[in-house]
Amino acid sequence: QSTVNPGAAKDADGNPIAGASGGLGTKGTETVKGLSVLAMGNEKIVTATIGVAGAGAAAVTGAATANVIASETEASIKDGAQINMSGAAGADAAVRVRAADNTFMVQAGGTVTGAGAAAVSGTVNTGIVAKKTTARIGDADVKASDVEVAADSSEKVFTLTANVSIAGAAGVGAGVGVNVIANETSASIGAGASIDATGDIDVEASQNTLLNLNTVA
């Protein structure tokens, strides 16, 4: 048995794998025969930041959060490799190369300021996700029944930024939420590869991003 991509795991025919219903850390299993090269990355970040200030005359406060995820996940058969070259590939001699990376980020930040005369506050939330997910067969010689090369990357990012300023004369507040997602997801077979498959050759790359950004000031 081999552990496969959680969330959107599918077999070589595109059917969902039992147990892989979704969510970070949800794993499915698949009974396979042949050669499987698997790589998986999971990142989970949950942060909360709050600033509170109060004064009879003037109050000033601020809060800032910065989360950065930079990862590289690769599953590959390198140049020059020879797979099943001793004879004709049997019915169960499948070759699978799969890479998957899943990210879950929640960041909440806020400030509350109160003063009799003047209240000033500000909140900044920054989230950066930069990932490279690669599945590749290089310039290799491969004999197999089915050949699958699949890369899958998914991100769920939730950001909430809030600011409240209350004063008898003047209340000034600002909230800023910034998210940057810069990913590269690829699945490929090298131009110099020799692939002898009696069944299917499937090369697929998938990128899925959910971004929820809310700012209240």
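A quick note: this is a predicted structure, and the numbers were derived from the prediction, not measured.

**Considering the environment of Glu184**
Mapped onto the secondary structure, Glu184 falls in strand E11 (residues 184–189). Remark: the alpha-carbon pair of Glu184 and Lys132, spanning 52 residues in sequence, is separated by 4.8 Å. Leaving out residues up to four positions away in the same chain, Glu184 has contacts with Lys131, Lys132 and Thr133.

**A word on a nonpolar patch on the surface**
Taken together, the side chains of Val68, Val124, Ile128, Val176, Val178 and Val180 make up a nonpolar region of the molecular surface, amounting to roughly 420 Å² of accessible area. Of all the elements, strand E10 (residues 170–181) adds the most residues to the nonpolar patch, at three residues. Looking at the element boundaries, Val124 is found in strand E7 (residues 118–137). On the basis of relative accessibility, which here comes to 37%, the residue Val124 falls in the partly exposed class.

**Brief notes about the pattern of salt bridges**
Taken as a whole and assessed by the stated rule, the structure comprises four salt bridges. As a salt-bridge pair, Lys78 and Glu74 come within 3.2 Å of each other at their nearest N and O atoms. Judged by relative accessible area, which is 53%, Lys78 ranks as exposed. Note that Glu148 and Arg98 form a salt bridge whose closest N and O atoms lie 3.0 Å from each other. Remark: Arg98 occurs in strand E6 (residues 94–115) and Glu148 occurs in strand E9 (residues 147–167); sequence separation between them is 50 residues. Among the charged side chains, a network of salt bridges with common partners joins Asp101, Lys131 and Glu155.

Rules and cut-offs
Residues numbered from 1 in each chain as written. Predicted model: local features only at pLDDT ≥ 70, side-chain atom pairs only at ≥ 80, totals over all residues. Heavy atoms only, no water. Helix = DSSP H or I, 4+ residues; strand = E, 2+ residues; numbered from the N terminus. Contact = heavy atoms within 4.5 Å. Patch = residues over 30% accessible without salt bridge, like charges linked within 9 Å, V, L, I, M, F, W, Y side chains within 5 Å. Areas by Shrake-Rupley, 256 points an atom, 1.4 Å probe, with all protein chains shown as cover. Salt bridge = Lys/Arg side-chain N within 4 Å of Asp/Glu carboxyl O. Buried < 20%, exposed > 50% of the residue type's maximum accessible area, 1.4 Å probe, protein only.

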